[in-house]
Amino acid sequence: MEESIRIRDREELCALSPVTSAPIRHHVFVCNGKSCTSNDSAEVKEAFEVELKARGMLVGKASKGKNPAGSVVLTDCSSVGFCAIGAAVLVYPDGIWYAQVRASDVHEIIESHLVGGRVVERLALLRVSTEHNPARAE
Ligand code: FES
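Reading the values: the criteria
Residues numbered from 1 in each chain as written. Predicted model: local features only at pLDDT ≥ 70, side-chain atom pairs only at ≥ 80, totals over all residues. Helix = DSSP H or I, 4+ residues; strand = E, 2+ residues; numbered from the N terminus. Buried ≥ 20, exposed ≤ 12 C-beta atoms within 10 Å, placed from the backbone. Contact = placed C-beta atoms within 7 Å. Arc of directions from axis to C-beta. Core = buried A, V, L, I, M, F, W, Y, C linked by C-beta atoms within 7 Å. Pairing = 2+ DSSP bridges. Axes fitted to C-alpha atoms, helices over the stretch in contact; angles between N-to-C directions.

Caption draft 1: Layout of the overall build of the protein chain. Scanning the protein chain from terminus to terminus reveals four helices and five strands. The secondary structure elements of the protein chain, listed N-terminal to C-terminal, are α-β-α-α-β-β-β-α-β. Each principal axis of the C-alpha distribution contributes one length, and for the protein chain these read about 45 × 35 × 30 Å. Buried residues in the protein chain amount to 25% of all 138 residues. Within the protein chain, residue pairs in contact and separated by at least 24 positions form 58% of the contacts whose partners lie at least 6 positions apart.

Listed below in structure tokens is the structure:
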């Protein structure tokens, strides 16, 4: 079996992945599990993408309408256990898990939480502790 080649030089790795130099402040996960999908999680993710792009906040390639120097990474995730109360949206590093999110809630989450730093309490059902994390990068 051929051994895979791993790049060990950090600068080379960063050059290959420009996201490493983006001023990322938040990672938003939208569940695409079966139950959340039946609660329109695809529309929720689309609403995040449209508004974050319009605000220049979504990290990604400019050729895709995103901003290489954006502050928010948006990705799908698998089921996290909020299945009966989806669509689930998780915001890190804050450790906030939102439930029953609909596309119509997305503007409020962006404006209040991602921009203003205020959690949308009516949707926030879980706060995961982020206090002790010895693996956190400097
Ligand atoms: S399917 Fe989304 S939390 Fe389970």
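After that view, the rundown keeps rolling.
Caption draft 2: Structural view of helix H4 (residues 106-115). When we look at burial in H4, the residues that qualify are Val106, Ile109, Ile110, His113 and Leu114. Summarising the axial view, the buried residues of H4 lie within an arc of 110°, below the 170-degree limit, and thus occupy one face. Buried residues belonging to H4 abut strand S1 (26-31), helix H3 (41-54), strand S2 (72-77), strand S3 (89-92) and strand S4 (96-98). Positive backbone phi, at 75°, marks glycine 117, one or two positions downstream of H4.

Caption draft 3: Geometry of the nonpolar core. Residues Val44, Phe48, Val72, Ala87 and Val89 are the most contacted members of the largest nonpolar core, which totals 26 residues. Among the elements of the structure, S1, H3, S2, S3, S4 and H4 are those that each provide at least two residues to this core. Setting aside residues no more than four positions away along its own chain, alanine 87 makes contact with Val30, Cys31, Cys36, Asn39, Asp40, Ser41, Val44 and Val101.

Caption draft 4: Local environment of the environment of valine 106. Structurally, valine 106 can be placed in helix H4. Expressed as a C-alpha distance, the spacing of valine 106 and threonine 130, which sit 24 residues apart in the sequence, is 23 Å.

Caption draft 5: Summary view of the sheet that holds S3. Pairing in this open sheet of five strands is mixed, and the strands run S2-S1-S3-S4-S5 from one edge to the other. Looking at the sheet topology across the chains shown, the edges are occupied by S2 and strand S5 (124-127). Strand-to-strand twist in this sheet, taken as the mean axis angle between neighbours without regard to direction, amounts to 20°. The sheet contact formed by S3 and S4 spans three bridges and is antiparallel. Residue pairing in the sheet places valine 91 in a bridge with isoleucine 96 of S4. Strands in contact with H3 are S1, S2 and S3; relative to S1, the strand with the most contacts, it is inclined by about 155°.

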